Each structure stands twice: as C-alpha cells, then as structure tokens.
Amino acid sequence: MKCFSRYLPYLFRPPTTIPSSTCHTEADVISTVEFNPSGELLATGDKGGRVVVFQREQETKSEPQRRGEYNVYSTFQSHDPEFDYLKSLEVEEKINKIRWLPQQNAAYFLLSTNDKTVKLWKIRERDRQPEGYNLKDEDGRIRHPSTITSLRVPVLQNSDLMVESTARRVFSNAHTYHINSISVNSDFQTYISTDDLRVNLWNLEITDQSFNIVDIKPCNMEDLTEVITAAEFHPQQCNTLAYSSSRGSVRLCDMRKQALCDTHCKFFEEPEDPSTRSFFSEIISSISDIKFSHSGRFLMTRDYLTVKVWDLNMETRPVQVYQVHDYLRGKLCSLYENDCIFDKFECVWNGSDSVIMTGSYNNFFRMFDRSTKKDVTLEASRENSKPRAILKPRKVCVGGKRRKDEVTVDSLDFSKKILHSTWHPQENIIAVAASNNLYIFQDKVT
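This text gives an overview of the structure that appears in the document. (Residues numbered from 1 in each chain as written. Predicted model: local features only at pLDDT ≥ 70, side-chain atom pairs only at ≥ 80, totals over all residues. Heavy atoms only, no water.)

Regarding the overall build of the protein chain
What the protein chain contains, in helices and strands, is two helices and 31 strands. In summary, the protein chain has a C-alpha radius of gyration of 24 Å against a globular reference of 22 Å for 446 residues, a match within 12%. Reported as C-alpha extents along the three principal axes, the dimensions of the protein chain are approximately 90 × 60 × 40 Å. Relative to all contacts within the protein chain whose residues are 6 or more apart in sequence, the contacts with residues 24 or more apart total 53%. Of the roughly 22,700 Å² of accessible surface on the protein chain, a fraction of 49% belongs to carbon and sulfur atoms. (Helix = DSSP H or I, 4+ residues; strand = E, 2+ residues; numbered from the N terminus. Rg over C-alpha atoms; globule rule 2.2 N^0.38 Å. Contact = heavy atoms within 4.5 Å. Areas by Shrake-Rupley, 256 points an atom, 1.4 Å probe, with all protein chains shown as cover.)

Have a look at this one:
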C-alpha cells in the first residue's frame, strides 16, 4: 500500500457538530455532508433539520498544521417538521441533501432539502449594525410618538463579527413523493429536484413555478417497474443530465432534444449474468448514487456491492468495476432481514478524478486508485484514531485463519455505517459522517 500512501488521510478531528456522547438522539444523526466549491466551507445536515457549516482555519507561520482544521462557522435550523393535512402525512425535518452555489460575492449560498421543500440559504458575515433609530430606543423598544421631537439619520457602527443565515427562497409544493436528490446546473441559474417518479427543473429566482422534465409515472401504478433513485447535472454541459433507477440503469438526457426528457439519448446498464441471478439480484442492483467526474468524461454509480465507472462514450459496459464489500454476498439473507440491504451508500471523486471513495459497514470506508488499481480500507472510529495519527489500513478476513488486526465478517457491526462522505475539490481532505459523528481526515502536513 506504499504507492497509495499519499492518499491516506491522517488528521482526525473529533466531532464538533454534536456532543460525542454515545447516548445521542435520532435527530443528531448526520444525513448529508458537502464541501463548497472552494473547499473552505463544509456543511452538514442532520435528521433534526439543522445545518452546521464549518470553516477552514487559515494557515499561520507559527502553526502551519492548523491549515487543515475546520471549526464551526454557522449553525441554523433549515427545516421544521410539518403536517400535510390534505394527505394526513407527516413531513420530516430531516435534511436529505445540501448543494452549494459558486460564490459570487462576500456571501455564501446553499440549497438544502427535506422530503418536500427546497430552501435557498444565504450565509454572510456582519461586523456593522445601524444605530440611531427614530421610532426605537437604544434597547429596541418602540418609542411613543409624543416623545419624538426631532428626526435623525441612522448610522452604521462597528460591532462584533456575526454570521447571519437567512432563507432567501423557498421552493415547495412541487413533489408528490419524497425528494431524494438536488443538483445545481453549470449555468448557475437553474437546478433540478428529484423524487421517485419525477425530475423538476427550477429557476433559482422563481419559487412558484417549476418545469417537469422527467416523468416516469405510469397511467396505472400497478405497471410501475422502477423508480428514480438519483439525478445530477453534467458539470460542464448545462443541457445534459443523468438519472439512475432502482433497476440498475442510468439514462443520459439532453434537454435540447425536447422539453420532456422521457426519451433518453444514452442508456447505461450492465447485462445481468443469468448464472448469478438470485432473489436479491434486483435489490442489490439498485443504484443509490451517481456522480459525474470533474472532467465530465466519466460517470460513477454505486449499487449495494460495487462501484462502477462508465465512459459516457461507451454504453455497453462499465470501464471499471470495484468490489466494495463482496464478502457480504453470502450474508444477503440476514442483511435483508435487518433491512441493511436497503442502505443507500454515496460515492465521491477526488479533485483529479484519479481516486474514488465510498462507504461500508463497521465504519469502514474504501478508496480505489484508478491508475494503479490499488485499494485500501480505512476506519472512522474514535477508539482507533488519535489526533494527527496515521490511519492504519483495515482488512476483513473472509475465510481461514484470522491474522492480527484483521476483522472477521461475522464480527462486523452493521449498525455502524458510512453512508455520507465528501472530498475536498482541490486537496486530499475528506469528510465522512458516522451516525452523529463527523470525521475529517487529510494528507500529512509537511
């Protein structure tokens, strides 16, 4: 693994989002994590509807190692629990996805969504505040008109630095089913929101109207054979988007062809081997996440057992297939009984598209080097990691005699899982979410 050592992150940051106590509530569980385009900010969302934004520490001559550390920058309540009275359904406050917009000025903008509503948030710093109101006194209380004898012009006075978070747009009432993904277009004027059966196109300035560009709902719901699991815009071509399905296929659509993208321009699906077909074949073939490479040439998909890399110019088969945890193939029955087989793992590229990362069980996460074909398994654990300590590769023992530091398949903890992760867009810094804990690792600082 020496040739892969330059990708091994080493810095461990204890979770600062939520207390590290093991007695956490369900609302504390992190449900999404995302770097902004510059990598200076890192946002997490949890099942309680909260968004926590971390900011990277600036490098100093006395402490250059602090360059990789992230500290809390802003915390706000993005979504609250709601109740749909027409359908008698509760709408959870859980944050499903967060997507950053490119920074245009001193403020930052991000999109966050729960099952039904997407919100555009503005985060900005303020070190001045107005003073000298006519209708209010120094304590903010309304003055009686009889006490106002003269008019004065309010002035801005220096104050302590504050970080404000305000909801600038609310995009609602457009989805019948639960939103599973959002993606910002490369034109930075539109974005898509996706549920099980539809993909809607929004303008960031218009909240009361969206365009349905993909609709796979059949006339008779008994004829439904698949659902949409994820969708994403191409990083350079604003007219191109891809969406995946529960049947293990990906469709590439061109919005220039027609307004309703029900007919795809490219179809990516690996033929199934009849000799390996089983009761669980359709379940484990469902794609849980798709990601375009930064170059736009490749598309990565994650199903339950594998990560596949597709060349957009070749639809017949993936150019690379990586086994994430093939040792679980013999335990699919028990994984089905405890519902773990329906877990939705995410996958991410590094900044140069040379390494991919995805999560697994027992708080393991896997990295694959596309050029050397090397892979490594690392663990996000507070018990096994010390601050600024180099992570040791982990290995799962499939059969035979177990060696030292190996983990047997039967001893894996399936309640501990890395579902959400993100990679810094330029540097080897990664963030992974394990339950209510956030781990940030980076390359060794020289």
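So much for the structure itself; the text now carries on.
Observations concerning unusual backbone geometry
For residues besides glycine, phi is generally negative; the peptide bonds are generally trans as well. A positive phi angle, close to 65°, is found at D353, a residue other than glycine. Relative to the assigned elements, D353 resides in the loop between β23 (347-349) and β24 (355-359). Residue classification places D353 among the buried residues on the basis of a relative accessible area of 8%. (Buried < 20%, exposed > 50% of the residue type's maximum accessible area, 1.4 Å probe, protein only.)

Notes on the sheet that holds strand β15 (residues 228-233)
Within a sheet, neighbouring strands are paired by backbone hydrogen bonds and run either parallel or antiparallel to one another. Strand order across the open sheet formed by four strands is β15-β16-β17-β18, with antiparallel pairing between neighbours. Two strands lie at the open edges of the sheet, namely β15 and β18 (266-268), each paired on one side alone. Along the sheet, successive strands turn relative to each other by an average axial angle of 20°, direction set aside. As defined by bridge partners, strand β17 (residues 250-254) adjoins β18 across three bridges and the pair is classed as antiparallel. Looking at the pairing, R251 lines up with F267 of β18. (Pairing = 2+ DSSP bridges. Axes fitted to C-alpha atoms, helices over the stretch in contact; angles between N-to-C directions.)

A few points about empty space enclosed by the protein
Rolled over the atoms, a probe sized like a water molecule indicates the empty space that remains. One pass over the full model with this rule turns up two cavities of 30 Å³ or more. If you add up the space inside the second largest cavity, you get close to 40 Å³. Around the second largest cavity sit C253, D254, K257, Q258, C261, T263, H264 and C265, which together line it. (1 Å grid on protein atoms, 1.4 Å probe; cavity = no way out; pocket = protein on both sides within 12 Å on 5 of 7 lines; lining within 4 Å. Points joined across faces, edges and corners; volume = space filled by probe spheres on them.)

Observations regarding the pairing of strand β21 (residues 306-311)
With six of six residues buried, β21 lies mostly within the body of the structure. Of the two faces of β21, the one holding T306, K308 and W310 and the one holding V307, V309 and D311 are both buried throughout. Between the antiparallel neighbours strand β20 (residues 298-302) and β21 lie three residues. Taken together, the four bridges between β21 and strand β22 (residues 320-323) define a ladder with antiparallel strand orientation. Looking at β22, one finds that V309 is bridged to Q320.

Observations regarding a nonpolar patch on the surface
Residues F279, Y336 and F342 make up a contiguous nonpolar surface patch of about 340 Å² in total accessible area. Relative to the helices and strands, Y336 is located in helix α2 (residues 332-337). (Patch = residues over 30% accessible without salt bridge, like charges linked within 9 Å, V, L, I, M, F, W, Y side chains within 5 Å. Salt bridge = Lys/Arg side-chain N within 4 Å of Asp/Glu carboxyl O.)

Points about the pattern of salt bridges
This model, assessed by the stated rule, comprises 22 salt bridges. Across the pair E346 and K97 runs a salt bridge whose closest N-O atoms are separated by 3.0 Å. With E346 in the loop between α2 and β23 and K97 in strand β7 (residues 97-100), this pair connects stretches of sequence that are 249 residues apart. A salt bridge links D289 to K291; the nearest nitrogen and oxygen atoms lie 2.9 Å apart. Assessed through its relative accessible area of 13%, K291 is described here as buried. Here the residues in one salt-bridge network are D28, D46 and R50, joined through shared partners.

What about the environment of L41?
You can see L41 is positioned in strand β2 (residues 41-46). For L41, a relative accessible area of 1% corresponds to the buried category. Separated by 31 residues in the primary sequence, L41 and V72 place their C-alpha atoms 9.6 Å from one another. Residues in contact with L41, not counting those within four places in the same chain, are E34, F35, N36, V53, F54, Q55, Y73, W100 and Y108.

Observations concerning the pairing of strand β11 (residues 181-184)
What you see with β11 is no split at all: S181 and S183 on one side and I182 and V184 on the other are buried throughout. Pairing between β11 and strand β12 (residues 190-194): four bridges, direction antiparallel. By the bridge assignment for β12, V184 is matched with Y191. Here β11 hands over to β12 after five residues, with F188 in that stretch at a positive phi of 60°.

Quick look at the nonpolar core
Within the largest apolar cluster, 20 residues are counted, with the highest numbers of intra-cluster contacts made by Y304, L328, L335, I341 and L412. Residue assignment for this core shows that the elements contributing at least two residues are α1 (281-284) and α2. Counting residues in each nonpolar core, the second largest holds 16 residues, with V355, A380, I418 and W423 among its members. (Core = buried A, V, L, I, M, F, W, Y, C linked by side-chain atoms within 4.5 Å.)

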